[in-house]
Amino acid sequence: MIEFKNVSKWYGDFQVLSDCTTRVDKGEVVVVCGPSGSGKSTLIKCANGLEPFQKGELLFNGVSVGDPQTDLPRLRSQIGMVFQHFELFPHLSVMQNLTLGQIKVLERSQEEADQKAMALLDRVGLRSQAEKFPGQLSGGQQQRVAIARALCMDPVAMLFDEPTSALDPEMVNEVLDVMVALAKEGMTMMVVTHEMGFARKVSDRVIFMDAGKIVEDCSKDEFFGAPRSPRAQEFLSKILSH
Amino acid sequence: MGYDFDFDVIQRSWVYLFRDGMTFTVTLTLLSMLGGVVLGTALALMRLSSHRVLNGFAGAYVNLMRSLPLVLVIFWFYFLVPYIGGWLSGSNQPMKVGAFASALITFTMFEAAFYCEIMRAGIQSIPKGQVSAGYAIGLKYRQTMSYIVLPQAFRNMLPVLLTQTIILFQDTSLVYVISSTNFLGAAAKVANRDHRLVEMYTFAALIYFIICFAASMYVRRLQARISIIR
């Protein structure tokens, strides 16, 4: 469904991604991990064209993301994205956050959009917060609203860019629970995260990145069993030591 | 040596002062603000775009307007606008443009440069992630700007925009150079006619002070009320 073929990206002279080749198949949950600055967020943002890249090819459902002819807004409306800092629209109520895209992009009617929004708020356990503004919610609640906002668009795949790393520890699980449920329903997911528990529980594959390169790309069991590269071993021992 | 104050002149002339003068001043201020904010926002978007030509044009425009004295621009446009109007409508004759229309065009274009800088700061104050989030749900550039970035930028900058408008309100008094009857102009006419210069100018100063002071108090209260909870 998402295919990276030798994707490379530079910020000026600095190469952030070099020759990244991997794929996420339909129904697969792929976790991307690695030390900070290794390019994992950049990689995931390339997938829906939020970050341009200079070399290589990236296909989403056969459509080339890097092609200037591609209708990016249309493509993006099919891919849900959840950000590290939630990025809810602070001037709009929770309900309006959930209906904006449905009405303006999918051209649903107000009633239809409201219904969908309510159903998804219910699903993330926040029905009672519909009329509040994002600033009145806790971090965990905001991130769940953000997931609901992405799901409102009926995406065929979901991208998560460190969805829990800006949260207080006690709120991490409420967000992970939603993500686990989503994974179990068969949603195609690409998740940048340090939550190894999540990776163990629901991922099919793990990608380990370091210095802009994909160092390891293997099944979950292989990765947690015996990662091949010393860099991944070191990373795992650090992150799992306590 | 004493000066014989006669404040009756105000009573005799206040209908003229307010009905003719203040109406002109307030209408000019409000319309120029409206036009200036719209044009200024467009200029701000141009200045922030990566398009070299748009960016360069907006930058040059803003720098030009901000480097010229307002009185000069008022004068200049007063003489220039009829010719441009004539040229645009394809006739050889300069177009007849009244003092009000000329002043309105001048203030809109002049203030747009200042509103542009305010809106530019406002747009830049919105985190980049907000734009990404808009794009991520499939919004186009135009939609992302009009539903997400500009409403927030506008709200954040409303106090500054209004403060600039208070300055604009005072600046409209400069239309006296094209002898149009704004509030100060009306007061000056009465002052000269009745030889009551001190009284009339004191009265005009007092009115300007009351309006501007009340407006800035209002802006201060508004600031506390409208801020977006984050």
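As a reminder, the structure under discussion sits directly above these lines.
In this report, the structure presented in the accompanying data block is examined.

Criteria and cut-off values
Residues numbered from 1 in each chain as written. Chains lettered and ligands numbered in written order. Predicted model: local features only at pLDDT ≥ 70, side-chain atom pairs only at ≥ 80, totals over all residues. Heavy atoms only, no water. Pairing = 2+ DSSP bridges. Helix = DSSP H or I, 4+ residues; strand = E, 2+ residues; numbered from the N terminus. Axes fitted to C-alpha atoms, helices over the stretch in contact; angles between N-to-C directions. Patch = residues over 30% accessible without salt bridge, like charges linked within 9 Å, V, L, I, M, F, W, Y side chains within 5 Å. Areas by Shrake-Rupley, 256 points an atom, 1.4 Å probe, with all protein chains shown as cover. Salt bridge = Lys/Arg side-chain N within 4 Å of Asp/Glu carboxyl O. Buried < 20%, exposed > 50% of the residue type's maximum accessible area, 1.4 Å probe, protein only. Contact = heavy atoms within 4.5 Å. Buried area = accessible area lost by both parts, 1.4 Å probe. Polar contact = N/O pair within 3.5 Å; in protein donor to acceptor, adjacent residues only side chain to side chain.

Brief notes about the pairing of strand 4 (residues 55-60) of chain A
Residue and element names in this part refer to chain A.
Then, number 1: Summarising the sheet, strand 1 (residues 2-11) and strand 4 pair through 5 bridges and their orientation is antiparallel. Bridging across to strand 4, Phe 4 finds its partner in Leu 58.
Then, number 2: Alignment of strand 4 against strand 5 (residues 63-64), held across 2 bridges, turns out to be antiparallel. By the bridge assignment for strand 5, Phe 60 is matched with Val 63.
Then, number 3: Linking two consecutive strands that pair antiparallel, namely strand 4 and strand 5, is a turn of 2 residues; a positive phi of about 50° is found at Asn 61 within it.

Comments concerning the sheet that holds strand 6 (residues 79-82) of chain A
Residues and elements named next belong to chain A.
Then, number 1: On the basis of which strands lie adjacent, the open sheet formed by 6 strands has the order 6-7-8-3-9-10 and mixed pairing. With one partner strand each, in any of the chains shown, strand 6 and strand 10 (213-219) form the two edges of the open sheet. Strand-to-strand twist across the sheet, computed as the mean angle between neighbouring axes with direction ignored, equals 15°.
Then, number 2: Pairing of strand 6 with strand 7 (residues 157-161), which is carried by 4 bridges, proceeds in the parallel orientation.

Overview of a nonpolar patch on the surface
Then, number 1: A contiguous nonpolar surface patch, about 910 Å² in accessible area, is contributed by B:Val71, B:Leu72, B:Phe75, B:Trp76, B:Phe79, B:Leu80, B:Ile84, B:Trp87 and B:Leu88.
Then, number 2: Judged by relative accessible area, B:Leu88 falls into the exposed class, the value being 64%.

Comments concerning the interface of chain A and chain B
Then, number 1: Facing 21 residues of chain A, the contacting portion of chain B comprises 20 residues.
Then, number 2: Summed over both sides, the interface between chain A and chain B buries roughly 1800 Å², with carbon and sulfur atoms accounting for 68% of that surface.
Then, number 3: For the pair chain A and chain B, the interface holds 0 salt bridges.
Then, number 4: For the pair chain A and chain B, the number of links is 6 residue pairs in polar contact (both at pLDDT 80 or more).

Worth remembering: the numbers are spatial, not functional.
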